[in-house]
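Observations on the model geometry
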Amino acid sequence: MTMTTIKGVIFDLDGVIVSTDEFHYKAWKKLADRENIPFDKTINNRLRGVSRAESLEIILEKAKKEYTDSQKQEMLEFKNDIYKESLSELKRYDILDNFNELYEQLKENNIKMAIGSSSKNTKRILKQIELSDAFDAIADGTDITRSKPDPEVFLIAAKRLGLNPEECVVIEDAIAGIEAAKAGQMTAIAINDAKNCDKADYRIDNLLEIADIVIGGYNEE
Ligand code: B16
Ligand code: MG
């Protein structure tokens with residue numbers, strides 16, 4: 001039995017700190033309806049943590065025709081324009097329940113904090129919710145070549161925190177995100193849809209539970 005000291009928390013963004021996952025769903029739904037492609041919340045769950053381009057490929061699995069690269073490009077822009085429009089409505093009070101309290105508790109205990117998001121809109125979102133300067137490091141869709149379940153985004157976040165992966169926990173709402181955290185040798189905490197992933201080390205319903213896991217320390221087999 002070894003004791004692991006956690007020194008950093010890496011937060012996924014969409015679906016963990018803010019419900020932009022709903023905006024993604026609505027924007028993809030508009031595109032799918034325009035193209036007469038079946039799309040529902042079950043398919044949407046497969047898009048969590050996955051890059052924009054890979055998300056489109058998943059949606060097109062149900063399409064009845066082939067699309068050219070330039071048509072796909074147009075679809076990506078169509079979706080992102082709708083998504084960005086909804087982001088302009090985001091406000092500080094859209095931060096999800098208990099994040100602010102958790103943030104204060106982690107700060108008081110000198111736990112470093114980072115964002116590890118696949119989104120290329122990360123900085124825009126953080127600005128809207130007034131958290132641009134809140135994190136010690138940010139790694140996002142503009143930094144990576146491989147999207148979750150590849151650990152790249154979390155490894156970059158850990159490096160920018162100056163920590164080893166083993167010293168970090170990741171909090172994720174995406175199955176792909178939990179797989180990425182484990183592939184990167186980190187502790188993985190699952191919330192919402194990610195609780196369905198059998199690789200998660202912890203499953204929580206409330207963000208404040210992260211404080212117990214991290215500050216209390218924990219034993220690992
Ligand atoms: P964008 P996360 C991910 O963010 C979303 O979960 C995923 O649905 C989205 O396709 C991806 O970001 C890319 O987002 O189109 O804004 O670049 O969950 O990793 O914070
Ligand atoms: Mg997410």
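Thresholds applied
- Residues numbered from 1 in each chain as written.
- Chains lettered and ligands numbered in written order.
- Predicted model: local features only at pLDDT ≥ 70, side-chain atom pairs only at ≥ 80, totals over all residues.
- Heavy atoms only, no water.
- Donors = N, O, S within 2.8 Å, 3.2 Å for Na, K, Ca; no water.
- Buried < 20%, exposed > 50% of the residue type's maximum accessible area, 1.4 Å probe, protein only.
- Helix = DSSP H or I, 4+ residues; strand = E, 2+ residues; numbered from the N terminus.
- Pairing = 2+ DSSP bridges.
- Right-handed = clockwise from strand over helix to strand, strands pointing away.
- Phe/Tyr/Trp six-rings, centres within 6.5 Å; stacked < 30°, edge-to-face > 60°.
- Lys NZ or Arg CZ within 6 Å of the ring centre and 35° of its normal.
- Domains from an automatic or database assignment.
- Contact = heavy atoms within 4.5 Å.
- Salt bridge = Lys/Arg side-chain N within 4 Å of Asp/Glu carboxyl O.
- Polar contact = N/O pair within 3.5 Å; in protein donor to acceptor, adjacent residues only side chain to side chain.
- Nonpolar A, V, L, I, M, F, W, Y, C, P; charged D, E, K, R; others polar.

**Observations regarding the coordination of the magnesium ion (ligand 2)**
Taken together, Asp12 (OD), Asp14 (O) and Asp173 (OD) make up the full set of protein donors to the magnesium ion (ligand 2), lying 2.0 to 2.2 Å away. Take Asp14: its relative accessible area is 12%, and that puts it in the buried class. Taking the relative accessible area as the measure of exposure, Asp173 reaches 2% and is therefore buried.

**A closer look at the pairing of strand 3 (residues 112-116)**
With four of its five residues buried, strand 3 lies for the most part within the structure. By the bridge criterion, four bridges tie strand 2 (residues 8-11) to strand 3 in an arrangement that is parallel. Within strand 3, the residue paired with Phe11 across the bridge is Ile115. Handedness of the crossover joining strand 3 and strand 4 (residues 137-139) through helix 6 (residues 122-128) is recorded here as right-handed.

**Here's the deal with the packing of aromatic side chains**
Throughout the structure, instances matching the rule amount to six aromatic pairs. Summarising the aromatic geometry, the rings of Phe11 and Phe135 are spaced 6.1 Å apart at their centres and angled 65° between planes, so their arrangement reads as edge-to-face. Note that Phe11 is positioned in strand 2 and Phe135 in the loop between helix 6 and strand 4, a separation of 124 residues in sequence. Looking at Phe11, the relative accessible area reads 0%, which means it is buried. Taking relative accessible area as the criterion, Phe135 reaches 10% and is therefore assigned buried. Measuring from ring centre to ring centre gives 6.3 Å for Tyr103 and Phe135, while their planes differ by 80°; the resulting arrangement is edge-to-face. Here Tyr103 is found in helix 5 (residues 99-108), whereas its partner Phe135 is found in the loop between helix 6 and strand 4, with 32 residues between them in sequence. Residue Tyr103 shares its accessibility class with Phe135, and that shared class is buried. Directly above the aromatic system of Phe78 lies the positively charged group of Arg34, at a separation of 4.4 Å from the ring centroid.

**Some thoughts on the domain arrangement of the chain**
As far as domains go, the chain holds domain 1 (8-19 + 92-214) and domain 2 (21-87). The straight-line distance from the C-alpha centre of domain 1 to that of domain 2 is 24 Å. Opposite the 16 residues of domain 1 that make contact, domain 2 presents 15 residues. For the salt bridge of Arg48 with Asp173, the shortest nitrogen-to-oxygen distance reads 2.7 Å. The tally of links between domain 1 and domain 2 comes to 11 residue pairs in polar contact (both at pLDDT 80 or more). By residue number, the principal contributor to the side of domain 1 that touches domain 2 is helix 6, which donates three residues. Across the side of domain 1 that touches domain 2, the residue classes tally to four nonpolar, six polar and six charged.

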